[in-house]
Structure formats: C-alpha cells, structure tokens
Amino acid sequence: MTTMSTHKPTMSTHPIGGPHTKGSQGAGSQGAGPPAAPPSASTVLDLLDRSRAGLVQACHSQSAAQRYTEAHLAALRAAAALVAARTPVSGRSRPRSVWEVLPGLAPELREWAVFFASSGRRRLALERGTAMVSPREADDLVRQCESFVELVRGALHLPFAEPLPSELTPTTPW
C-alpha cells in the first residue's frame, strides 16, 4: 500500500501568479496556525474586475471628489491584484501599504506607486472633507488609472481590457 505525503511541496505555474510553492511554510509561521494559502487566480481576477468596475463607476460619477475617489480605489484594487499574485506565501508580517510593497514586486511600476501613494493622501483628505479637487484633476486621474490598470494586466500576462467609455459624465465643480 502506498501513502502520499501531504506536506510535500509541489510547484505550479500560472500566468497570473508565476511560480508558487504549495504546502510550504514561510519563516515565522510555526505555531501561528495553518499556513496561509496562496491567492487563487480567481481572487486576482476578481480584484481586477472590481478595479475595472470602479473605473466605469468613476466615469459616471457626478461629482469631481467622487470621481477622484472611485478612480483611486480602482488603482488600489489593481495594485492589490498584482501584489496578491506575486507575493510569496509566508508567515505574518507587519501590515504595509500596497504602494510600499508594489515597487519591490514590480520595479517597473515604482513611479506609479509613488504617484498613487500621493493621490491616496489626497483621496483621504477628500473623504474627510478637508480638500477639494477640480473636475479636470478627477478626469485626469481616471485616465491615469486606466493606463495603470492596463500596465498591471500586462504585468500579469493578461489581455488588455476594452477601453473605458470615451465620454465622461459631466461633473459638478468640487
């Protein structure tokens, strides 16, 4: 009778996440419960779908602040998809901003990470009501986010998405 070991690492390659070792535990995970499972391809694709939906919602937002916020959240979801796909499974670590982690996993997106970290601070100020954004700035962020999402899709070896609607819904100032 042959028995199979359930702790033997196996390698799988997926275009979204690259190589992952299944069944291996990272440093510091002993005694912390079962090892974390690697993100599934469906998780990564769901984040990208939600990012795309957020961009479409931003296009139809009627206020500049809402458009800016929706666009930034769309970029955040796209970055989270890339981070989820490329981060090796390991033990616990301190929470970090996706914009801090992204340059280490995708150096070609370093400038985008700096840009979106800055726009994230502005998004938070908008949400608190302590800042304003013009319709032009919000529209520009939508276009920048669309470019970023396509770069993320390319980094994950996924096909490009359909372009966003060419006309944005008019916004009210501030």
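The rules behind each value
Residues numbered from 1 in each chain as written. Predicted model: local features only at pLDDT ≥ 70, side-chain atom pairs only at ≥ 80, totals over all residues. Heavy atoms only, no water. Helix = DSSP H or I, 4+ residues; strand = E, 2+ residues; numbered from the N terminus. Buried < 20%, exposed > 50% of the residue type's maximum accessible area, 1.4 Å probe, protein only. Contact = heavy atoms within 4.5 Å. Areas by Shrake-Rupley, 256 points an atom, 1.4 Å probe, with all protein chains shown as cover. Phe/Tyr/Trp six-rings, centres within 6.5 Å; stacked < 30°, edge-to-face > 60°. Salt bridge = Lys/Arg side-chain N within 4 Å of Asp/Glu carboxyl O. pLDDT = per-residue confidence, 0-100. Axes fitted to C-alpha atoms, helices over the stretch in contact; angles between N-to-C directions. Parallel < 35°, antiparallel > 145°, perpendicular 65-115°, else oblique. Left-handed = near helix turned anticlockwise from the far one by under 90°.

### Here we look at the overall build of the chain
A count of helical and extended segments in the chain gives 5 helices and 2 strands. Helices and strands appear in the chain in the N-to-C order β-β-α-α-α-α-α. A burial count over the chain gives 37% of its 174 residues as buried. If you take every contact in the chain between residues at least 6 apart in sequence, the share linking residues at least 24 apart comes to 68%. If you sum the accessible surface of the chain, you get close to 10,400 Å²; carbon and sulfur atoms cover 57% of it.

### Topic: unusual backbone geometry
The general pattern is negative phi for most residues beyond glycine and trans for most peptide bonds. Despite not being glycine, His157 shows a phi value in the positive range, around 60°. Residue His157 is classed as exposed on the basis of its relative accessible area of 61%.

### Details of the packing of aromatic side chains
By convention here, two paired aromatic rings are described through the distance between centres and the angle between planes. The full count for this structure, using the stated rule, is 7 aromatic pairs. For the pair Trp99 and Phe116, a centre-to-centre distance of 5.3 Å together with 25° between the ring planes defines the contact as stacked. Pair noted here: Trp99 is in helix H3 (residues 98-105) and Phe116 is in helix H4 (residues 110-128), with a separation of 17 residues, a long-range link. With a relative accessible area of 9%, Trp99 lands in the buried category. The class of Phe116 is buried, set by a relative accessible area of 0%. Taking the centre distance of 6.3 Å and the plane angle of 90° together, the rings of Trp112 and Phe115 count as edge-to-face. In this pair, Trp112 and Phe115 both sit in helix H4, 3 residues apart, roughly one turn of the helix. For Trp112, a relative accessible area of 22% translates into the label partly exposed. Relative accessible area serves as the criterion here: at 32%, Phe115 is assigned to the partly exposed category.

### Structural notes on the pattern of salt bridges
Counted under the stated rule, the structure contains 6 salt bridges. One salt bridge in this structure joins Arg96 and Glu100, with 3.9 Å as the shortest N-O distance. Judged by its relative accessible area of 44%, Arg96 falls in the partly exposed class. Its relative accessible area of 44% is what places Glu100 among the partly exposed residues. A single salt-bridge network, built from bridges that share partners, covers Arg136, Asp140 and Arg143.

### Digging into the environment of Ala64
Within the secondary structure layout, Ala64 lies in helix H2 (residues 64-86). Judged by its relative accessible area of 0%, Ala64 is buried. A C-alpha to C-alpha distance of 5.8 Å links Ala64 and Thr171, two positions 107 residues apart in sequence.

### Re the confidence of the model for the chain
Averaged over every residue, the pLDDT of the chain is 79; the share at 70 or more is 70%. Long-range and interchain partners of residues 1-33, a stretch whose pLDDT sits below 50, account for 38 contacts in this model, where long-range means more than four residues apart.

### Section: the packing of H2 against helix H5 (residues 135-155)
Two packed helices can be described by the angle between their axes and the distance between those axes. Look at H2 against H5: their axes get within 8 Å of each other, and the N-to-C directions meet at 15°. Overall, the two elements H2 and H5 adopt an arrangement that is roughly parallel. Between H2 and H5 lies a crossing whose hand is left-handed. Counting all contacts with H2, which are made through Ala64, Arg67, Tyr68, Ala71, His72, Ala74, Ala75, Ala78, Ala79, Leu82 and Arg86, the residues of H5 involved are Pro135, Glu137, Ala138, Asp139, Leu141, Val142, Cys145, Phe148, Val149, Val152 and Ala155.

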